[in-house]
Amino acid sequence: DAKTTQPPSMDCAEGRAANLPCNHSTISGNEYVYWYRQIHSQGPQYIIHGLKNNETNEMASLIITEDRKSSTLILPHATLRDTAVYYCIVRENTDKLIFGTGTRLQVFP
Amino acid sequence: GAVVSQHPSWVICKSGTSVKIECRSLDFQATTMFWYRQFPKQSLMLMATSNEGSKATYEQGVEKDKFLINHASLTLSTLTVTSAHPEDSSFYICATIPGQNTEAFFGQGTRLTVV
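Since the structure is predicted, the reported quantities are computational estimates derived from the model, not experimental observations. (Residues numbered from 1 in each chain as written. Chains lettered and ligands numbered in written order. Predicted model: local features only at pLDDT ≥ 70, side-chain atom pairs only at ≥ 80, totals over all residues. Heavy atoms only, no water.)

### Comments concerning the overall build of chain B
Turning to step 1, where the next piece is worked out: Looking only at helices and strands, one finds 0 helices and 11 strands in chain B.
Turning to step 2, where the next piece is worked out: Along chain B, helices and strands appear, N-terminal first, in the series β-β-β-β-β-β-β-β-β-β-β.
Turning to step 3, where the next piece is worked out: The C-alpha atoms of chain B give a radius of gyration of 13 Å, which matches the 13 Å a tight globule of 115 residues would have.
Turning to step 4, where the next piece is worked out: Principal-axis analysis of the C-alpha atoms gives chain B an extent of 40 × 25 × 20 Å.
Turning to step 5, where the next piece is worked out: Within chain B, the proportion of its 115 residues that are buried is 49%.
Turning to step 6, where the next piece is worked out: Here the contacts in chain B between residues at least 6 apart in sequence split such that 51% fall between residues at least 24 apart.
Turning to step 7, where the next piece is worked out: Element-wise, carbon and sulfur atoms account for 52% of the exposed surface of chain B, whose accessible area totals about 5,700 Å².
Turning to step 8, where the next piece is worked out: Distance from the positive charge centre (9 side chains) to the negative charge centre (9 side chains) of chain B: 7 Å. (Helix = DSSP H or I, 4+ residues; strand = E, 2+ residues; numbered from the N terminus. Rg over C-alpha atoms; globule rule 2.2 N^0.38 Å. Buried < 20%, exposed > 50% of the residue type's maximum accessible area, 1.4 Å probe, protein only. Contact = heavy atoms within 4.5 Å. Areas by Shrake-Rupley, 256 points an atom, 1.4 Å probe, with all protein chains shown as cover. Lys, Arg positive; Asp, Glu negative; His and termini not counted. Charge placed at Lys NZ, Arg CZ, Asp CG, Glu CD.)

Shown next as structure tokens:
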């Protein structure tokens, strides 16, 4: 079973920041948090990952709480092309990536 | 960057036939390959994990005799859907993680339709 829980859907206005929450309360100390998104049943697209520290790249920022039981993916300026299903995944010690149900983000004009 | 090439991207086959899906790692070695299946409007479900030179490990409820996985080299893993039936119609995706602190690289996916 997936170690993550996410809201099933969210809306965001174009140009605004999209903040996608994820709970992973059973995460172990050396397990990474990964974020992927999927558009129209294409292969998942990598966004970002982290272990303990907050991370930022050209696509997004990842904020991980100090106790590591939850995290937030931030898309700073959402565009219509960011409409997708976003998956928060804990990479298990076996290296498996078990997908949860994800959050369907709808960016509207 | 690292790329996983998956073929074919789509395939239509008749019931009872077998279909082979290939995933190749380009410019890097993939000692482990993960195989997923995705039904419409559902999430990706891990089917099995293949390791180069050894038997694949299947997730609970996945029939190993129906979904044959071979990982004969460090750059090629294959999934064969044997005696396909319409209920096997799905989107199949492979993925590999080259290192400890790296992203997972996914194939482009194969849409299988069994008629």
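Picking up where we left off.
### Observations concerning the side chain of Ser90 of chain B
Residue and element names in this part refer to chain B.
Turning to step 1, where the next piece is worked out: By the element assignment, Ser90 lies in strand 9 (residues 90–96).
Turning to step 2, where the next piece is worked out: Engagement of the side chain of Ser90 in a polar contact is seen with the backbone oxygen of Gln38, the distance being 2.8 Å.
Turning to step 3, where the next piece is worked out: Those residues within four positions of Ser90 in sequence are excluded, and the remaining contacts are Arg37, Gln38, Phe39, Thr110, Arg111 and Leu112. (Polar contact = N/O pair within 3.5 Å; in protein donor to acceptor, adjacent residues only side chain to side chain.)

### Focus on the sheet that holds strand 3 (residues 32–38) of chain A
Residues and elements named next belong to chain A.
Turning to step 1, where the next piece is worked out: Strand order across the open sheet formed by 5 strands is 1-9-8-3-4, with mixed pairing between neighbours. Because the sheet does not close on itself, it has two edges, and the strands there are strand 1 (9–13) and strand 4 (45–50). Each strand of the sheet is rotated relative to its neighbour by a mean of 25°, with strand direction disregarded.
Turning to step 2, where the next piece is worked out: Bridge analysis of strand 8 (residues 84–91) against strand 9 (residues 103–108) gives 3 bridges, and the strand direction is antiparallel. Across the sheet, the residue bridging to Ala84 is Leu105, located in strand 9. (Pairing = 2+ DSSP bridges. Axes fitted to C-alpha atoms, helices over the stretch in contact; angles between N-to-C directions.)

### Some details on the confidence of the model for chain B
Any residue range with low pLDDT should be treated as having predicted coordinates unsuitable for detailed reading.
Turning to step 1, where the next piece is worked out: Considering every residue of chain B, the mean pLDDT works out to 93; 98% of them sit at 70 or more.
Turning to step 2, where the next piece is worked out: Looking across chain B, the model is least confident in strand 7 (residues 67–73) of chain B, with a mean pLDDT of 91, and most confident in strand 11 (residues 110–114) of chain B, with 97. (pLDDT = per-residue confidence, 0-100.)

### Thoughts on the interface of chain B and chain A
Turning to step 1, where the next piece is worked out: Taken together, the contacts link 22 residues of chain B with 19 residues of chain A.
Turning to step 2, where the next piece is worked out: When the two sides are added together, the surface that chain B and chain A hide from each other amounts to roughly 1,600 Å², 53% of it contributed by carbon and sulfur.
Turning to step 3, where the next piece is worked out: Here chain B and chain A share 7 residue pairs in polar contact (both at pLDDT 80 or more) between them.
Turning to step 4, where the next piece is worked out: Counting only elements with at least two residues in the side of chain B that touches chain A, the list comes to strand 4 (32–38), strand 5 (45–51) and strand 9 of chain B.
Turning to step 5, where the next piece is worked out: Element by element, the count of residues in the side of chain B that touches chain A is highest for strand 4 of chain B, at 3 residues.
Turning to step 6, where the next piece is worked out: Across the side of chain B that touches chain A, the residue classes break down as 9 nonpolar, 10 polar and 3 charged. (Buried area = accessible area lost by both parts, 1.4 Å probe. Nonpolar A, V, L, I, M, F, W, Y, C, P; charged D, E, K, R; others polar.)

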